[in-house]
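This is what each chain is made of:
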Amino acid sequence: MAKKQMKLGAFFMLPGHHAVAWRHPDAKADHVLNFDFIKEQALTAERGKFDMVFLADGVAAGAESKVFGQSSSVPFEPFTLLSAIAAVTKNIGIVGTVSTTYNEPFNVARKFASLDHLSNGRAGWNVVTSGGKEAASNFGLKEEPLHAQRYERAHEFVDVVKQLWDSWEDNAIVFNQETGQYADASKVHTLNYEGKYLSVGGPLNIARPVQGHPVVVQAGSSEAGKELAARTAEVIFTAWQTLEEAQDFYRDVKGRMAKYGRNPDELKIMPGVYPIVGQTLEEAETKRQQLLDLIPESLGVARLSRQLGVDLAGYPVDGPLPELPDVSQINGGKSRFQLLKDLAERENLTIRQLYQNIAGARGHREIIGTPEQIADQLEDWFDHGAADGFNIMPPVFPTGLNDFVDYVIPELQKRGLFREEYTGTTLRENLELQRPENQFSKEAVTH
């Protein structure tokens, strides 16, 4: 029996995942908004046989922040960038973050279906629910929707998008030039969906995606996020600090799937990992400290305040966190708030130590060391029921990604933990996920 292999995503947060990656000597101003540079990174990830390139996204610039000028970024809109990456790669999946709070299902379904066709079946959608007052104001709202409402809408949204992808059956396009029949109208379905938040007629105006459905990824770890993932997601991107926490989450989410008629293998859990690779442990620790030394105190405090949803300005930076509210009172990212609160309490961290801890990994797991030591830590979680794979977050591009591809990937391959060649032609195949049946044709058969 072949040894189980881990799945890997390459998280493209340029110029790096560290909050001040742009200040690092390896980061260059001409890398910003430079597709030639991004193309090079995508080809590096494909050379490393990564399952996917993963793009985060937001719908606000963060201009209200007191430290906006120290840490602002200008990421490309995901569909535009992923379409360009699709044209210059052949095997790697392309996953983009798109909000269910500030979009409409028809547009999202059409764009991802288009991307899946353009890439020959390599598209994936990271479903997020977008909080924050600044984001709300960009879409004409005075206040951000409540956390529970955002997730209620997300459940509806994902359901409707999947129905739209299925609105054309696989063989609906006949293209019979002799008879003059382009499509079989009996295999094209309207939705006439009416829900609490959404109203969508359909059908979609593009054929069913190559993969049936682009792979659905979900990134929340709150109670609402876990329920959404168990019901709808095929990959979940999550953040945990300890093996025990990650194991609990893994069992929890996979244990929820049966009530939705799903098998645990239908969901790949891929925690985020922030690796700092050195030829020796001392070299890796030096690289880590070099980045920590670049963080302005004001930026560190502001970043931590934003992630906690609590203003820490005015508190002694070398003292403990103030008393924090209960997670039930948080309307922003509940799971990240709880993770940071638990981390500070467990390790007795000061405000400075906590912001240094998250400035790179941003709440995800930081692992440092030689390629062998990095591989050991990944293998430990993978073998002990904490992860099906990992979303790799290079500290700085291009060196952070190069280090992982050139040194860690060969070590994982040597251990039989990661592929040496792509085995499938689609993202779904490489992730070992089944192509979904069309719900409309399935209904026709069962009736």
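To be clear, the structure that these remarks concern was listed above.
Cut-offs and rules
- Residues numbered from 1 in each chain as written.
- Predicted model: local features only at pLDDT ≥ 70, side-chain atom pairs only at ≥ 80, totals over all residues.
- Heavy atoms only, no water.
- Phe/Tyr/Trp six-rings, centres within 6.5 Å; stacked < 30°, edge-to-face > 60°.
- Core = buried A, V, L, I, M, F, W, Y, C linked by side-chain atoms within 4.5 Å.
- Buried < 20%, exposed > 50% of the residue type's maximum accessible area, 1.4 Å probe, protein only.
- Contact = heavy atoms within 4.5 Å.
- Axes fitted to C-alpha atoms, helices over the stretch in contact; angles between N-to-C directions.
- Helix = DSSP H or I, 4+ residues; strand = E, 2+ residues; numbered from the N terminus.
- Parallel < 35°, antiparallel > 145°, perpendicular 65-115°, else oblique.
- Nonpolar A, V, L, I, M, F, W, Y, C, P; charged D, E, K, R; others polar.
- Salt bridge = Lys/Arg side-chain N within 4 Å of Asp/Glu carboxyl O.

Observations regarding the packing of aromatic side chains
Applying the stated criterion across every chain yields a total of twelve aromatic pairs. Put simply, the rings of Phe-79, Phe-112, Trp-125, Phe-157 and Trp-165 pair up and form one aromatic cluster.

Thoughts on the nonpolar core
Ranked by size, the top nonpolar core spans 114 residues in total, and within it Leu-8, Phe-50, Trp-125, Leu-304, Phe-390, Phe-404 and Leu-412 carry the most contacts. Residues within four places of Leu-304 in sequence aside, it is in contact with Leu-312, Leu-321, Leu-340, Ile-351, Leu-354, Tyr-355 and Ile-358. In terms of nonpolar packing, the next biggest core, distinct from the first, is built from 13 residues, Met-52, Val-215, Val-235 and Leu-427 among them.

Describing the packing of helix α6 (residues 147–165) against helix α7 (residues 223–232)
A packed helix pair is summarised by two numbers, namely the angle formed by the two axes and the spacing between the axes. Interhelical geometry of α6 versus α7 gives an angle of 10° and a closest axis separation of 10 Å. Relative to α7, the element α6 is oriented roughly parallel. On α7, the residues touching His-147, Tyr-151, Ala-154, His-155, Val-158, Asp-159 and Lys-162 of α6 are Ala-224, Gly-225, Glu-227, Leu-228, Arg-231 and Thr-232. Each residue belonging to the contact of α6 with α7 can be placed in one class, and the counts come to five nonpolar, four polar and four charged.

A few points about the pattern of salt bridges
What the rule picks out here adds up to 33 salt bridges. Taking the shortest distance from any N to any O, the salt bridge between Glu-266 and Arg-262 comes out at 3.7 Å. Residue classification places Arg-262 among the buried positions, given a relative accessible area of 13%. In this structure, the salt-bridge partner of Asp-318 is Arg-352, at a minimum N-O distance of 2.7 Å. Of this pair, Asp-318 sits in the loop between α10 (297–308) and α11 (334–347) while Arg-352 sits in helix α12 (residues 351–361), and the two are 34 residues apart along the sequence. Through salt bridges with shared partners, a single network forms among Glu-223, Lys-226, Glu-227, Asp-252, Arg-256 and Lys-259.

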